[in-house]
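Tertiary structure, described
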Amino acid sequence: MSVTLKKADKYGSFELSQEGPLIIATFKGILGGGLSKHYKQAILSLAQSYNKQPWAYIADGMEHDVSIPAAAENLRQVYLECLKLGCVGDAYCMPSAVGLSQLEKVRKSCGFVGSIYDRSYADVESAKQAMLNTVAELSHT
């Protein structure tokens, strides 16, 4: 996996990488308002590279604590824009119940009906396999 984009501040960090039809975001620490703006710009630039072809998103939050409320609007915008840019699936590896709950609220505000808990995986490899299967199914329909 090659790291494509990354950014950190004194509270947390993110790294974004692409593996074929997958964008993998690795979060550590706390995602604040400023860092979430950089994340939004970075992920949307990667998502545009798929030219609206099917791709999937994986959040590796094994070392992620929480997102501050100021980050929620940036995350909401990311969800909505990524859908327009061809995202067909999302998966989460995150032991933080608070972090998952925060993302669940953001997803619901975007109109997602499925639960984030149905998209949660114990490890990144399991999430990758599930998302590769999702992309493959939708690419052949």
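Figured I'd write up the structure that's included with this text. (Residues numbered from 1 in each chain as written. Predicted model: local features only at pLDDT ≥ 70, side-chain atom pairs only at ≥ 80, totals over all residues. Heavy atoms only, no water.)

1. With respect to the packing of helix α1 (residues 33-48) against helix α2 (residues 69-84)
Their axes nearest at 8 Å, the elements α1 and α2 cross at an angle of 10°. Between α1 and α2, the angle is such that the two are roughly parallel. Here α1 contributes Gly 33, Ser 36, Lys 37, Tyr 39, Lys 40, Ile 43, Leu 44 and Ala 47 to the contact with α2, which in turn contributes Ala 70, Ala 71, Asn 74, Leu 75, Gln 77, Val 78, Glu 81 and Cys 82. Classifying every residue of the contact of α1 with α2 gives nine nonpolar, four polar and three charged. (Axes fitted to C-alpha atoms, helices over the stretch in contact; angles between N-to-C directions. Helix = DSSP H or I, 4+ residues; strand = E, 2+ residues; numbered from the N terminus. Parallel < 35°, antiparallel > 145°, perpendicular 65-115°, else oblique. Contact = heavy atoms within 4.5 Å. Nonpolar A, V, L, I, M, F, W, Y, C, P; charged D, E, K, R; others polar.)

2. Description of the nonpolar core
Residues Leu 16, Tyr 39, Ile 43 and Tyr 57 are the most contacted members of the largest nonpolar core, which totals 32 residues. Mapped by element, the contributors of at least two residues to this core are β2 (12-19), β3 (22-31), α1, β4 (55-67), α2, β5 (87-93) and α3 (97-109). Among the elements that take part in this core, α1 stands out by supplying seven residues, more than any other. Setting aside residues no more than four positions away along its own chain, Ile 43 makes contact with Leu 16, Ile 23, Tyr 57, Val 78 and Cys 82. Counting eleven residues, the second largest nonpolar core, distinct from the first, contains Ile 24, Ile 58, Ala 91 and Val 124. (Core = buried A, V, L, I, M, F, W, Y, C linked by side-chain atoms within 4.5 Å. Buried < 20%, exposed > 50% of the residue type's maximum accessible area, 1.4 Å probe, protein only.)

3. Quick word on α2
Between its terminal C-alpha atoms α2 stretches 24 Å, which fits the 22 Å expected from 16 residues at 1.5 Å a residue. Residues of α2 that are buried include every one of Ala 71, Asn 74, Leu 75, Val 78, Tyr 79 and Cys 82, and no others. One side of α2 holds all its buried residues, which, seen down the axis, span an arc of 150°. With respect to the buried face of α2, the exposed residues turned more than 90 degrees away are Pro 69 and Lys 84. Looking at the buried residues of α2, the elements they touch are β3, α1, β4, β5 and α3. Taken from the residues just after α2, Gly 86 is the one with a positive phi, measuring 105°. (Expected span 1.5 Å × (residues − 1). Arc of directions from axis to C-beta.)

4. Observations concerning the side chain of Ser 36
Along the chain, Ser 36 falls in helix α1. A polar atom in the side chain of Ser 36 sits 2.8 Å from the side chain of Asn 74. Ignoring any residue separated from it by four or fewer positions in sequence, one finds Ser 36 in contact with Leu 31, Ala 70, Ala 71 and Asn 74. (Polar contact = N/O pair within 3.5 Å; in protein donor to acceptor, adjacent residues only side chain to side chain.)

5. A look at the pattern of salt bridges
The full count for this structure, using the stated rule, is seven salt bridges. A salt bridge links Asp 90 to Arg 119, with the nearest nitrogen and oxygen atoms 2.9 Å apart. Here Asp 90 is found in strand β5, whereas its partner Arg 119 is found in the loop between α3 and α4 (124-139), with 29 residues between them in sequence. You can call Arg 119 partly exposed: its relative accessible area is 30%. Across the salt bridge formed by Glu 104 and Lys 108, the nearest N and O atoms sit 3.9 Å from each other. (Salt bridge = Lys/Arg side-chain N within 4 Å of Asp/Glu carboxyl O.)

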